Amino acid sequence: MELRQLELFVAVAEERQFTRAAHRCHIGQSALSSAIRSLEHDLGETLFIRTTRRVDLTQAGLALLTEARRTLVAASAAREAVRDVGTLLRGSLSVGGVATTGTLDQAALLAEFRRRHPGIEIHYVRSTTGPLLDDVRLHRLDVAFVTLTDQPLRGVRATPLVTEPLMLLCRSDHPLADHAQVSLEELTDEVFVGAPPGTVGGEWLRNIFDAAKAQPPMPFLVSDVSTMLEFVASGLGVTLVQRSIGPCNPDLRAIPLSGASLAWTLGIVTPLPDQVSRTAQAFIELVHDSL
């Protein structure tokens, strides 16, 4: 049984005549009759009582008519749903991101996307780079904003968005606060607020100081930027942040690093290219247009 057969059957049932039904369906009368006979053969039941002037439904035909109409309505709704996804009239978008304060306004991007595509259901999660990468690989997220390093990423496509120089962040009353710049060597004895081992932020800081042959104490390990800023503002230690975070707190000072070309890169990751949905692609285009 095919949808086209049901469409032809409903037309005959409603028109009560093969000639009018054939004209309505833009099909030859012989082809219409053949399709109805094939449907009756498939079902093992006679659907119409044929006379020279009109056709009437049998009991089997009456039973089929209700279900045929319901099936055709459902099929039409399915076609519309697929069409709407293709034209971004409906669908869903799952986005994740690390903190990008001062660099990228993720909330504004999501709000603009919703304004352009109000039928798209949007979900968002804030997390750290490692879990976000896993969620993209497992298709729990369509798109994620993450910190990129020199290490290649498996199972995702990564595109750099913004690169900023690293700065030392300290309190305004810290002995280094009035310096025009500082070197990594000068920070060897400073107490640092860092990120937990195994996280991208933690590995990032460790690699920076390994390259400088420095191992400053790092007793405070936090996984989010807001907590890191609170610890530094409380005088518990200093940290390294991207330039855009520096002005977030007037009680803190962001000082350029000398003798090193250190940078933080924000990237956007998606599943491999052939697995990116049309909705996700539209959001990515919005992100690039905003930069």
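Residues numbered from 1 in each chain as written. Predicted model: local features only at pLDDT ≥ 70, side-chain atom pairs only at ≥ 80, totals over all residues. Heavy atoms only, no water.

J.: Can you help me understand the confidence of the model for the chain in this one?
T.: Low pLDDT marks regions whose predicted coordinates should not be analysed in detail. Residues with a pLDDT of 70 or more make up 98% of the chain, whose mean pLDDT is 89. For the chain, per-element mean pLDDT is lowest for helix H7 (residues 200-211), which scores 79, and highest for helix H5 (residues 106-116), which scores 96. (pLDDT = per-residue confidence, 0-100. Helix = DSSP H or I, 4+ residues; strand = E, 2+ residues; numbered from the N terminus.)

J.: In this structure, what is going on with the packing of helix H1 (residues 3-15) against helix H3 (residues 29-43)? I would like to understand it.
T.: When two helices pack together, their arrangement is captured by the angle between the axes and the distance separating the axes. The geometry of H1 relative to H3 is characterised by a closest axis approach of 10 Å and an angle of 110° between their N-to-C directions. The orientation of H1 relative to H3 falls into the category roughly perpendicular. Counting all contacts with H1, which are made through Gln5, Leu8, Phe9 and Val12, the residues of H3 involved are Leu32, Ala35, Ile36, Ser38, Leu39 and Asp42. Considering only residue class, the contact of H1 with H3 consists of seven nonpolar, two polar and one charged. (Axes fitted to C-alpha atoms, helices over the stretch in contact; angles between N-to-C directions. Parallel < 35°, antiparallel > 145°, perpendicular 65-115°, else oblique. Contact = heavy atoms within 4.5 Å. Nonpolar A, V, L, I, M, F, W, Y, C, P; charged D, E, K, R; others polar.)

J.: Even after reading the chapter, I still don't get the pairing of strand S5 (residues 143-148), so can you show me in this structure?
T.: Working note: regular strand, side chains alternate between the two faces of the sheet. In terms of burial, S5 is largely enclosed, as six of its six residues are buried. In the sheet, strand S3 (residues 91-97) pairs with S5 via three bridges, with the strands oriented parallel. Bridging across to S5, Gly96 finds its partner in Ala144. Pairing geometry for S5 and strand S12 (residues 263-270), over five bridges, is antiparallel. Bridge pairing in S12 links Leu148 to Thr265. (Buried < 20%, exposed > 50% of the residue type's maximum accessible area, 1.4 Å probe, protein only. Pairing = 2+ DSSP bridges.)

J.: Help me out: how do you make sense of helix H8 (residues 225-233) in this one?
T.: Residue pairs spaced three or four apart in an α-helix point in one direction, given the helix's 3.6 residues per turn. Taken together, the buried positions of H8 are Thr227, Met228, Leu229 and Val232. Where H8 is buried, its residues touch strand S6 (157-171), strand S8 (193-194), strand S10 (239-242) and strand S11 (252-258).

J.: What am I meant to see in unusual backbone geometry here?
T.: Positive phi values are uncommon outside glycine, yet His26 reaches one of about 55°. Accessibility expressed as a relative area gives 75% for His26, which makes it exposed. Backbone geometry at His139 places phi at a positive 65°, although glycine is not the residue there. Relative to the helices and strands, His139 resides in the loop between helix H6 (129-137) and S5.

J.: How do you make sense of the packing of H5 against helix H9 (residues 278-290) when you look at a structure like this?
T.: Relative orientation of the contacting elements H5 and H9 amounts to 125°, with a least axis distance of 10 Å. Classified by the angle their axes make, H5 and H9 are oblique. Here H5 and H9 pass one another in a crossing that is right-handed. When H5 is examined against H9, the residues Leu109, Leu110, Glu112, Phe113 and Arg116 are found in contact with a partner set consisting of Thr279, Ala282, Phe283, Leu286, Val287 and Ser290. Of the residues belonging to the contact of H5 with H9, the class tally is seven nonpolar, two polar and two charged. (Left-handed = near helix turned anticlockwise from the far one by under 90°.)

J.: What is the right way to look at the packing of aromatic side chains in this model?
T.: Centre-to-centre distance and the angle between the planes together describe a pair of aromatic rings. Within this structure, the stated rule accounts for six aromatic pairs. Summarising the aromatic geometry, the rings of Phe9 and Phe48 are spaced 5.4 Å apart at their centres and angled 45° between planes, so their arrangement reads as tilted. On the criterion of sequence distance, the pair formed by Phe9 in helix H1 and Phe48 in strand S1 (residues 48-50) is long-range, its members being 39 residues apart. Here the two residues Phe9 and Phe48 agree in accessibility, since each one is buried. Seen from their ring centres, Phe18 and Phe48 are 6.3 Å apart, and the 70° between their planes marks the pair as edge-to-face. With Phe18 in helix H2 (residues 18-24) and Phe48 in strand S1, this residue pair connects regions lying 30 residues apart in the sequence. You can call Phe48 buried: its relative accessible area is 2%. An aromatic cluster is defined as three or more aromatic residues linked by ring pairs; in this entry it consists of Phe9, Phe18 and Phe48. (Phe/Tyr/Trp six-rings, centres within 6.5 Å; stacked < 30°, edge-to-face > 60°.)

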